[in-house]
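Single-letter residue listing:
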Amino acid sequence: MDLQSTTSNLTSSAAESWLKGEHPGKNPTKDAIKSSEVFPENYTAYRNDRGTLGGGVFIIVQNNIIAIEKPEFVTKCEIEWVKIQMKDKKDLTIGSFYMPHRNMEHIKELDKSIDHISNKNQTIMLTGDFNCPDINWNTISVNQNAQDKEIQIALMEVIISHSLTQIHETPTRGATVQELWDKFKTDLYSNLDNHIYHQNSSDLKPVYPGSIIKSGKCLKRKQGYTNRQRKPTTGPTTGISKKNVSGKSEKLNGVEKLLKKLNTSKASGPDGIPNRILKECSKQLAPGLTMIFQKSINTGTLPRDWLNANISSVFKKGDKHAPENYRPVSLTSVPCKLLEHIICRHILKHLEKHRVLTSLNHGFRSGYSCETQLLVTLHDFMKAFDAGKQIDVAILDFSKAFDTVPHNKLLHKMNEYGIRGPLNKWLEMFLTQRKMKAVVDRVESEEASVDSGVPQGTVLGPLLFRYRDRSP
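What counts and what doesn't
Residues numbered from 1 in each chain as written. Predicted model: local features only at pLDDT ≥ 70, side-chain atom pairs only at ≥ 80, totals over all residues. Heavy atoms only, no water. Helix = DSSP H or I, 4+ residues; strand = E, 2+ residues; numbered from the N terminus. Buried < 20%, exposed > 50% of the residue type's maximum accessible area, 1.4 Å probe, protein only. Contact = heavy atoms within 4.5 Å. Areas by Shrake-Rupley, 256 points an atom, 1.4 Å probe, with all protein chains shown as cover. Phe/Tyr/Trp six-rings, centres within 6.5 Å; stacked < 30°, edge-to-face > 60°. Lys NZ or Arg CZ within 6 Å of the ring centre and 35° of its normal. Core = buried A, V, L, I, M, F, W, Y, C linked by side-chain atoms within 4.5 Å. Pairing = 2+ DSSP bridges. Axes fitted to C-alpha atoms, helices over the stretch in contact; angles between N-to-C directions. Salt bridge = Lys/Arg side-chain N within 4 Å of Asp/Glu carboxyl O. Expected span 1.5 Å × (residues − 1).

Enquirer: Quick one: what's the story with the overall build of the chain, residue by residue and with numbers?
Expert: What the chain contains, in helices and strands, is 14 helices and 16 strands. Considering the chain as a whole, with its 472 residues, one finds that 42% of them fall into the buried category. Long-range contacts, defined as pairs at least 24 residues apart, comprise 63% of the intrachain contacts of the chain with a sequence gap of at least 6. Of the accessible surface of the chain, which amounts to about 26,800 Å², a share of 51% is contributed by carbon and sulfur atoms.

What follows is the structure in structure tokens.
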């Protein structure tokens, strides 16, 4: 039976509803968003809202179809099940599942959920967003370089174990941010190899002749992704409106200008793209990066390279054999930093416009510094001294302040300050999906997850840290 065509006009399911207040088998909460406010009037909605910011899944069924919600099939993951009575056929059970970030526990809970139905010998259609793009359903395998490969393999095994088959053989949406970024890097590296000479010794870094780079021909000589003809653009747009960062779009400064301002003496990040290439070929690279930036903002997703950091050690002083005399430096993706500059500028503009930041906030802010804070403090001291008043001073220092910021509280605060929608989702992934590894003399350690704190070595890190000390 072709389940897709049989039910295409009768039902629909989706993930990331961003609704709240309704859960399978339970009464709606007092602050629940009513389905009638969101869905067509001739449909009944069955929802499993996340209960916190974002997420949520739903299934809607036309009112003339007999459907029953099945809360007993729901487990500890974002999933919803509805059974539909079919004429002269076995009843159909439709599920909607959402896994925003690859998580082995969610795969286990999905397996348990399908088990409940499999034991009842029912026909199943499972839909949703599984966030596992590296599974090749034709060969029943996972790509060699897949991120979180073991989790994607686990999902594939769950699907196979329950005798489910993939209906869609092609992507249901356009190219992802990851695919655009991979294409950008592949074409860039190909042009570098073909048109820029470098020393053959593997022990020496490539040498980029200035005359070749400055002419701009390193990318112009070969037609490719970075040199396609596009309409001029002033840069990507983010969701920034009068009262929150989620609505009306606003044009941002050109990406090309940011590329031209890069410091070529700075080290590249985990993606290995030299700053000099980004700067000298800014005109050719700007259109491609602008497209990737816009896609990243619109979808709230980031390429893997943008979430990784290489930790290198820099010698300070003293005995070179003593580890305490070295300072760790976090190297992150330079293209990602460009997008962070754009986002950071508009978040600051939003905060200052709505007076979230006051004149007492001096840290990590344009026009403010330690000097301005000292001037204000000295003025207050002298004013109190002249009035003959007592002065009491409390000086506090947070231990490992940048490393201990809880992500969930930080994201909640940003939502309260009006930073919502895709941009909040972008920041959530930027904070919660980070990996880091130590690199010493080209020898790399195993990757480790970053479970708390604001990312160091990034542009947004200091701005996000500022939210730690403010209450919405």
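Enquirer: Describe the packing of aromatic side chains, and please don't skip the residues or the numbers.
Expert: Under the counting rule described, the total for this entry stands at seven aromatic pairs. Here the aromatic rings of Trp181 and Trp306 are separated by 5.5 Å at their centres, their planes lie at 70°, and the arrangement is edge-to-face. Of the two residues, Trp181 is situated in helix 4 (residues 177-195) and Trp306 in the loop between helix 9 (282-299) and strand 12 (308-315); the sequence distance between them amounts to 125 residues. Between the aromatic rings of Phe293 and Trp306, the centroid separation amounts to 5.8 Å while the plane-to-plane angle is 65°, which identifies the pairing as edge-to-face. With Phe293 in helix 9 and Trp306 in the loop between helix 9 and strand 12, the pair connects residues that are 13 residues apart, well separated along the chain. Grouping aromatic residues by their ring pairs yields a cluster made of Trp181, Phe184, Phe293 and Trp306. Sitting over the face of the ring of Phe315, Lys320 holds its NZ or CZ atom 5.6 Å from the ring centroid. Residue placement shows Arg434 over the ring face of Phe430; its charged tip is 4.7 Å from the ring centre.

Enquirer: Give me the lowdown on the nonpolar core, citing residues and values where you can.
Expert: Of all hydrophobic cores here, the largest spans 53 residues; its most connected members are Leu259, Trp426 and Leu460. For this core, the element with the highest residue contribution is helix 10 (residues 334-353), accounting for 10 residues. Once residues within four sequence positions are removed from consideration, Trp426 is found in contact with Ser296, Ile297, Gly300, Thr301, Leu302, Leu339, Glu340, Ile343 and Leu460. By size, the runner-up hydrophobic cluster in this structure holds 23 residues, among which are Ile79, Met99, Ile117 and Ile151.

Enquirer: I'd like a description of the sheet that holds strand 2 (residues 43-48), backed by residues and values.
Expert: Ordered in space as 1-3-2, the three strands form an open sheet in which the pairing is antiparallel. Looking at strand neighbours, the two that pair on one side only are strand 1 (11-15) and strand 2, the edges of this open sheet. Neighbour-to-neighbour, the strand axes of the sheet open up by a mean angle of 15°, direction not taken into account. Pairing of strand 1 with strand 3 (residues 57-62), which is carried by five bridges, proceeds in the antiparallel orientation.

Enquirer: Give a detailed account of the pattern of salt bridges, specifying residues and quantitative values.
Expert: Per the stated rule, a full pass over the model turns up 13 salt bridges. Arg47 is the partner of Asp49 in a salt bridge, and the nearest nitrogen-oxygen pair spans 2.6 Å. A residue is classified by how much of its surface remains accessible, and Asp49, at 2% relative accessible area, is buried. A salt bridge links Lys112 to Glu109, with the shortest nitrogen-to-oxygen separation between them at 3.5 Å. With a gap of three residues between them, Lys112 and Glu109 both fall in helix 2 (residues 104-118), about one helical turn apart. A relative accessible area of 43% means that Lys112 is categorised as partly exposed. Each of Glu22, Arg47 and Asp49 takes part in salt bridges that share partners, so that together they form one network.

Enquirer: Please set out helix 10 residue by residue, giving values where relevant.
Expert: Taking 1.5 Å per residue as the helical rise, helix 10 with its 20 residues ought to reach 28 Å, and the 29 Å between its terminal C-alpha atoms agrees with that figure. Of all the 20 residues making up helix 10, 14 are buried; the element is thus mostly covered by neighbouring parts of the structure. Of the residues trailing helix 10, Arg355 is marked for its positive phi of about 60°.

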